[in-house]
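Given next are the chains, with one letter for each unit.
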Amino acid sequence: MVSGPSGAGKDTLVEALKARHSRLLYSISSTTRAPRPGEQDAIDYFFLDRDEFIRRRTGDGFLEWREYNGHLYGTPRSFIDESLRAGFDVIMKPEVNGALAIKERYPGAVLIFLAPDKFSHLRRRLEARRTETNEQIAARMEIAHVEMTFVRSFDYLVINEQAHPEIAVDDLEAIVRAERFRIHRLPDNRITELENT
Ligand code: 5GP
């Protein structure tokens, strides 16, 4: 899971990482916020109205959900279960509380905190994308300050350098590659085979 404050570059970096790994499936979240220009339903998010979101939440359709800046966001449960069962790695980018909630349910989940090289870059990135009002940007910045205090609960810290985002993509890729070599992720029969040679 790639988490961290809004404006740290999660969307762009996860997009670049997905392009490099075919066995990495992206879990599309549901949200009640309106689509930004260019965002597509069932690609960027499943855009739901509040009633529908609550209906699915009541039906236990989300692995976790959170209210962020007045809107609801949730991770659909079925996609995660099916993808993991089929042997895929799943990547997602919930905010920090959601990431920690998923780690509790899936202790093997890997939590990556993505931070900007300078906190002031967050505001500049949010302003540059011109999708939020000044009030919304201010609210996101306030949440960002709180989110930064969660960094110690994560497994990895990746810094997205404003001038060299490709380094952060390499760093994320290195983490994915290294995690795949962990003994506890390998099939037990392969380890037994090694033990018996
Ligand atoms: P945005 O409106 O910028 O797309 O997302 C706002 C925040 O909600 C971001 O920090 C994003 O990572 C987070 N978010 C997106 N999907 C989910 C989700 O399914 N669960 C949780 N907990 N947070 C999410």
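Basis of the calculations
- Within each chain, residues carry numbers counting from 1 in the order of the written sequence.
- Only residues with pLDDT of at least 70 are given local features in this predicted model, and only at 80 or more are side-chain atom pairs given and counted; all residues enter the totals for whole chains, interfaces and linings.
- Where side-chain values are given, they derive from all heavy atoms of the structure, hydrogens and water being excluded.
- When DSSP locates at least two bridges between a pair of strands, those strands are taken to pair.
- Under the scheme used here, helices are H or I runs from DSSP no shorter than 4 residues and strands are E runs no shorter than 2 residues, and both carry numbers assigned from the N terminus.
- The contact definition used throughout considers only heavy atoms, calling two residues in contact when any of these lie within 4.5 Å.
- Axes, fitted as lines to C-alpha atoms, cover a helix only where it is in contact. Angles between the N-to-C directions of the axes lie from 0 to 180 degrees.
- Partly exposed residues are those whose accessible area sits between 20% and 50% of the maximum for their type, while under 20% is buried and over 50% is exposed, using a 1.4 Å probe and protein chains only.
- Picture the helix axis, draw a direction to every C-beta atom, and the arc is the one those directions span.
- Here, proximity means that at least one heavy atom of the residue falls within 4 Å of the molecule or strand.
- Here a polar contact means two N or O atoms within 3.5 Å. Within protein one must be a hydrogen donor candidate and the other an acceptor candidate, and residues neighboring in sequence count only if both atoms are side-chain atoms.
- Note on areas: Shrake-Rupley with a 1.4 Å probe; residue coverage comes only from the protein chains shown.
- Patches draw on residues past 30% relative accessible area with no salt bridge. Two like charges within 9 Å are joined, as are two nonpolar side chains (Val, Leu, Ile, Met, Phe, Trp, Tyr) within 5 Å.
- By definition, a salt bridge exists where a carboxyl oxygen of Asp or Glu is found within 4 Å of a side-chain nitrogen of Lys or Arg.

A. Looking closely at the sheet that holds strand S9 (residues 156-160). Pairing in this open sheet of three strands is parallel, and the strands run S1-S8-S9 from one edge to the other. Whereas interior strands pair on both sides, the edge strands pair on one side only; in this sheet they are strand S1 (2-3) and S9. Bridge count between S1 and strand S8 (residues 112-116): two bridges; the pairing is parallel. The partner of Ser3 across the bridge, within S8, is Phe113.

B. Representation of the sheet that holds strand S4 (residues 46-47) within the structure. Here we have four strands laid out as an open sheet, ordered S4-S3-S6-S5, and mixed in their pairing. Of all strands in the sheet, those bounded by a partner on one side alone are S4 and strand S5 (62-68). Relative to strand S6 (residues 71-76), S5 runs antiparallel, the two sharing six bridges. Residue Tyr68 lies in a different strand from S6, and its bridge partner there is His71. Lying over the sheet, helix H4 (residues 96-105) contacts S5 and S6, oriented at roughly 160° with respect to S5.

C. The arrangement of helix H3 (residues 77-85) in detail. Among the residues making up H3, those that are buried are Arg77, Ile80 and Ser83. Down the axis of H3, the sector holding all buried residues measures 145°, keeping them to one side. Summarising the contacts, the buried residues of H3 are in contact with strand S2 (24-26), S5, S6, strand S7 (89-91) and H4. Downstream of H3 by one or two residues, Gly87 has phi in the positive range, about 90°.

D. Inspection of the site of the ligand at higher detail. The full set close to the ligand counts 17 residues, and Ser29, Arg33, Tyr45, Tyr73 and Lys93 are the nearest of them. With respect to the ligand, the side chain of Arg36 contributes an N or O atom lying 2.8 Å from an oxygen atom. Tyr45 has a polar side-chain atom sitting 2.6 Å from an oxygen atom of the ligand. When the ligand sits alone it has 510 Å² of accessible area, and the protein chains cover 96% of it. Listing elements by their share of the shell around the ligand, those giving two or more residues are S5 and S6.

E. Layout of a nonpolar patch on the surface. Side chains of Val151, Leu157 and Ile159 sit close together on the surface and give an oily, nonpolar patch of about 220 Å² of accessible area. Among the structural elements, Ile159 can be located in strand S9. Take Ile159: its relative accessible area is 36%, and that puts it in the partly exposed class.

F. Up close: the pairing of S6. Where burial is concerned, most of S6 is hidden: five out of the six residues are buried. Note: strand S3 (residues 30-31) against S6, two bridges, orientation antiparallel. Paired with Thr31 across the bridge in S6 is Tyr73. In this structure, the hairpin formed by S5 and S6 is closed by a connection of two residues, where Asn69 is found at a positive phi of approximately 50°.

G. Looking closely at unusual backbone geometry. In this structure, Asn69 is a non-glycine residue whose phi angle is positive, near 50°. Tracing the backbone shows Asn69 in the loop between S5 and S6. Even without being a glycine, Arg130 presents a positive backbone phi close to 55°. As for its position among the elements, Arg130 is in the loop between helix H5 (120-129) and helix H6 (134-148). Classification of Arg130 by relative accessible area gives exposed; the value is 73%.

No statement about biological role is implied by the geometric values presented.
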